[in-house]
2 protein chains.
Amino acid sequence: MSTKEIISRDEFLNHWQGHRTLTRKTIEAFPEAEIFKFSIGGMRVFGDLIKELLSIAAPGLDGIVHKKIEGYSHELPELKTKSDLLNEWDQQTSQINELFKQIPDEQFHESFNLFGEYEFPVYQNLLYFVDNEIHHRAQGFVYLRALGIEPPFFWDR
Amino acid sequence: MSTKEIISRDEFLNHWQGHRTLTRKTIEAFPEAEIFKFSIGGMRVFGDLIKELLSIAAPGLDGIVHKKIEGYSHELPELKTKSDLLNEWDQQTSQINELFKQIPDEQFHESFNLFGEYEFPVYQNLLYFVDNEIHHRAQGFVYLRALGIEPPFFWDR
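Here's what I pulled together on the structure shown here. (Residues numbered from 1 in each chain as written. Chains lettered and ligands numbered in written order. Predicted model: local features only at pLDDT ≥ 70, side-chain atom pairs only at ≥ 80, totals over all residues. Heavy atoms only, no water.)

With respect to the side chain of His19(A)
- Checked against the element boundaries, His19(A) lands in helix α1 (residues 9-29).
- Those residues in contact with His19(A), other than ones at most four positions away along the chain, are Val130(A), Glu133(A), Ile134(A), Arg137(A), Arg157(A) and Asp131(B). (Helix = DSSP H or I, 4+ residues; strand = E, 2+ residues; numbered from the N terminus. Contact = heavy atoms within 4.5 Å.)

This is the structure we're talking about:
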């Protein structure tokens, strides 16, 4: 058992924003005509997967920072086009930077009931945000390949 | 700029092994007849994606611990069936636990030329192992959906 810490808060934030840069490129790679239309095997369209990410990242961080326990919604009916998604993505990029630095150091290992549903230590909630983004973006990579479009490089962040 | 550390070595290892448990369930969910056959959009079959993960995780960690700089190969021609993949997966589970605890605390932020190709701090190499696994497993989730098979739950680790 070792409690030696290996990833700092700045390293984590850079890691997350690097992934967000790659996801932004993945949104850009989708044709407007397919982003809310194309799917495989009954799964959600990529635009809806991105709405899920947008309804989790900055809203979840806002909940953590302000200790607000509110449910969440994936709907975001106001986002209807690829450029709507990209604009909201960019707004959240700055919000995340602002909110993240407001988390007190000691809070990362405290438990928080995210969205009133997910009671975990804050660092685990944050890891979940990134994991879930990688997961859904990878589904977008398959959609792009199926559409005959080359996705961005996985390491291009 | 804050260098306060937020994720400990044990927390990271548990996080990684949790993801490995979910990936193992994803391998198990594939029909034997499809795991080395089915693909979408010209992508690799899921068996080959798993071989990539197997050629990176324990071998990469072995390189980090023993400061060996050797190239890697995704081929692993000896792994021909789903049960070959699962057996190798399980062997690496113990190897990873053994090797991870041999990384000296101070090494996590030292640069290492992984496989003679990827010169990054060790904590970034380790994050890459997990990210890359989430990415390829998610592609497997789409393959399963396309085959009409329900993948495991993302949170089931």
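Some details on the interface of chain A and chain B
- Every contact between the two is made by 35 residues of chain A and, on the other side, 35 residues of chain B.
- Surface buried jointly by chain A and chain B totals about 3600 Å² across both partners, of which 70% is contributed by carbon and sulfur atoms.
- Broken down residue by residue, the surface that chain A buries against chain B is led by Ile6(A), Ile7(A) and His135(A), which jointly contribute 19%.
- Inspection of the chain A/chain B interface yields two salt bridges.
- Close ionic contact of Asp131(B) with Arg157(A) constitutes a salt bridge, the shortest N to O distance being 3.8 Å.
- Linking chain A with chain B are 15 residue pairs in polar contact (both at pLDDT 80 or more), by the criterion used here. (Buried area = accessible area lost by both parts, 1.4 Å probe. Salt bridge = Lys/Arg side-chain N within 4 Å of Asp/Glu carboxyl O. Polar contact = N/O pair within 3.5 Å; in protein donor to acceptor, adjacent residues only side chain to side chain.)

Some words on the pairing of strand β2 (residues 111-114) of chain B
Residues and elements named next belong to chain B.
- Residues of β2 alternate between two faces, with Phe112 and Leu114 buried on one and Ser111 and Asn113 left unburied on the opposite face.
- Sheet topology places β2 next to strand β3 (residues 118-121); four bridges connect them, and they run antiparallel. Of the residues in β3, the one forming a bridge with Asn113 is Glu119.
- Where β2 folds back on β3, the antiparallel hairpin that results is connected by three residues, among which Phe115 adopts a positive phi of roughly 55 degrees. (Buried < 20%, exposed > 50% of the residue type's maximum accessible area, 1.4 Å probe, protein only. Pairing = 2+ DSSP bridges.)

Structural notes on the environment of Ser39(A)
Residues and elements named next belong to chain A.
- Looking at the element boundaries, Ser39 is found in the loop between α2 (32-35) and α3 (46-66).
- In the structure, Ser39 is positioned 24 residues away from Gly63 in sequence and 31 Å away in space, judged by C-alpha atoms.
- Setting aside chain neighbours within four positions, we find Ser39 in contact with Arg44, Val45 and Tyr143.
- A distance of 3.2 Å separates the side chain of Ser39 from the backbone oxygen of Met43, its partner in a polar contact.

Side note on the pattern of salt bridges
- With the rule as written, the count across this model stands at 18 salt bridges over all chains.
- Here Asp105(A) makes a salt bridge to Arg9(A), at a shortest N to O gap of 2.6 Å. Of the two residues, Asp105(A) sits in the loop between α4 (82-100) and β2 (111-114) while Arg9(A) sits in helix α1, which places them 96 residues apart along the sequence.
- By relative accessible area, which is 5% here, Arg9(A) ends up buried.
- Here Arg44(B) ties to Glu52(B) by a salt bridge, and the two come within 2.8 Å at their closest N and O atoms.
- Judged by relative accessible area, Arg44(B) falls into the partly exposed class, the value being 36%.

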